[in-house]
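Summary of structural features
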Amino acid sequence: MKKALIFLFVATIMACSSNAQVNWKTIEQASQVNTKSNNKMFFIDFSTSWCGWCKKMDRETFSDPVVSAILNKYYIPVHFDAEGSSTFTWNGTKYSNTQAPGQRAQTHPFTRAILGQKIGYPSFAIFNRNGGLTQILQGYQGAYDFSMVLWYFCSGDSQRYTFDEYQKIFQEEIKPDMMKKLGLK
């Protein structure tokens, strides 16, 4: 019985320590990065503290080993509080969201600038290596589909295929090479 408990304890610790994690940056940290010198794209996760789907993304999608490997290796991943009060400069524009104490949280101007009129959480913005907005995704994304979308943009496949074509060939033609490049198979 004692050996079984020790085994269970060790297995639990190993399972917890092997969870994939995205190395999130703050928007302030990311705004200081020169993407041209490190050849990465920006990925911004717009979420809020009250958003249940955002928490589900954190638990299920962002903890997926493939999703976290893609984000860590090919993107500068930013977790952004879409109603936060941070002040920063992004692509030459200063953004600030000041709120009086006790005031209800309001949408950060950066959130409005990027998402426009389609504000909903979670939302995700992908910026190319030159800092230009490439794609906005909205709503909960499962790990498999999300990894496909992330790879579509960071691999340059978006220049070769329509997304409909890509979806058809992803499993057989694209995914094996992707997994190899990520060091996962």
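See the structure shown above.
Rules and cut-offs
Residues numbered from 1 in each chain as written. Predicted model: local features only at pLDDT ≥ 70, side-chain atom pairs only at ≥ 80, totals over all residues. Heavy atoms only, no water. Helix = DSSP H or I, 4+ residues; strand = E, 2+ residues; numbered from the N terminus. Contact = heavy atoms within 4.5 Å. Polar contact = N/O pair within 3.5 Å; in protein donor to acceptor, adjacent residues only side chain to side chain. Disulfide = S-S within 2.5 Å. Buried < 20%, exposed > 50% of the residue type's maximum accessible area, 1.4 Å probe, protein only. Phe/Tyr/Trp six-rings, centres within 6.5 Å; stacked < 30°, edge-to-face > 60°. Pairing = 2+ DSSP bridges.

1. Here we look at the environment of Q171
By secondary structure assignment, the location of Q171 is in helix α8 (residues 163–182). Apart from the residues within four sequence positions on either side, Q171 is in contact with Y144 and P176. One polar contact links Q171 to Y144, side chain to side chain, over a distance of 2.7 Å.

2. Regarding the state of the cysteines
Overall, the coordinates contain one disulfide when judged by the stated rule. C51 shares a disulfide with C54; S-S distance 2.4 Å. Its S-S torsion of approximately 85° makes the covalent link between C51 and C54 right-handed. Residue class for C54 comes out buried when judged on its relative accessible area of 4%.

3. Section: the packing of aromatic side chains
The final tally for this structure, using the stated rule, is 29 aromatic pairs. An angle of 65° between the planes, with centres 5.6 Å apart, marks the rings of W90 and F110 as edge-to-face. With a gap of 20 residues between them, W90 in strand β3 (residues 88–90) and F110 in helix α6 (residues 109–115) connect regions that are remote in the sequence. What links up through ring pairs into an aromatic cluster is the set F42, F46, F80, F88, W90, Y95, F110 and F127.

4. A few points about the pairing of strand β5 (residues 123–127)
Among the five residues of β5, five are classified as buried, and the element is accordingly described as predominantly covered. Where burial is concerned, the two faces of β5 agree: the one with S123, A125 and F127 and the one with F124 and I126 are both buried. Sheet analysis places strand β1 (residues 41–47) next to β5, joined by five bridges and oriented antiparallel. Bridging across to β5, F43 finds its partner in I126.

5. Section: the environment of Y152
Within the fold, Y152 resides in helix α7 (residues 143–154). Spatially, the C-alpha atom of Y152 lies 9.5 Å from that of Q167, the residues being 15 residues apart in sequence. Those residues in contact with Y152 that lie beyond four places of it in its chain are D157, S158, Y161, T162, F163 and Y166.

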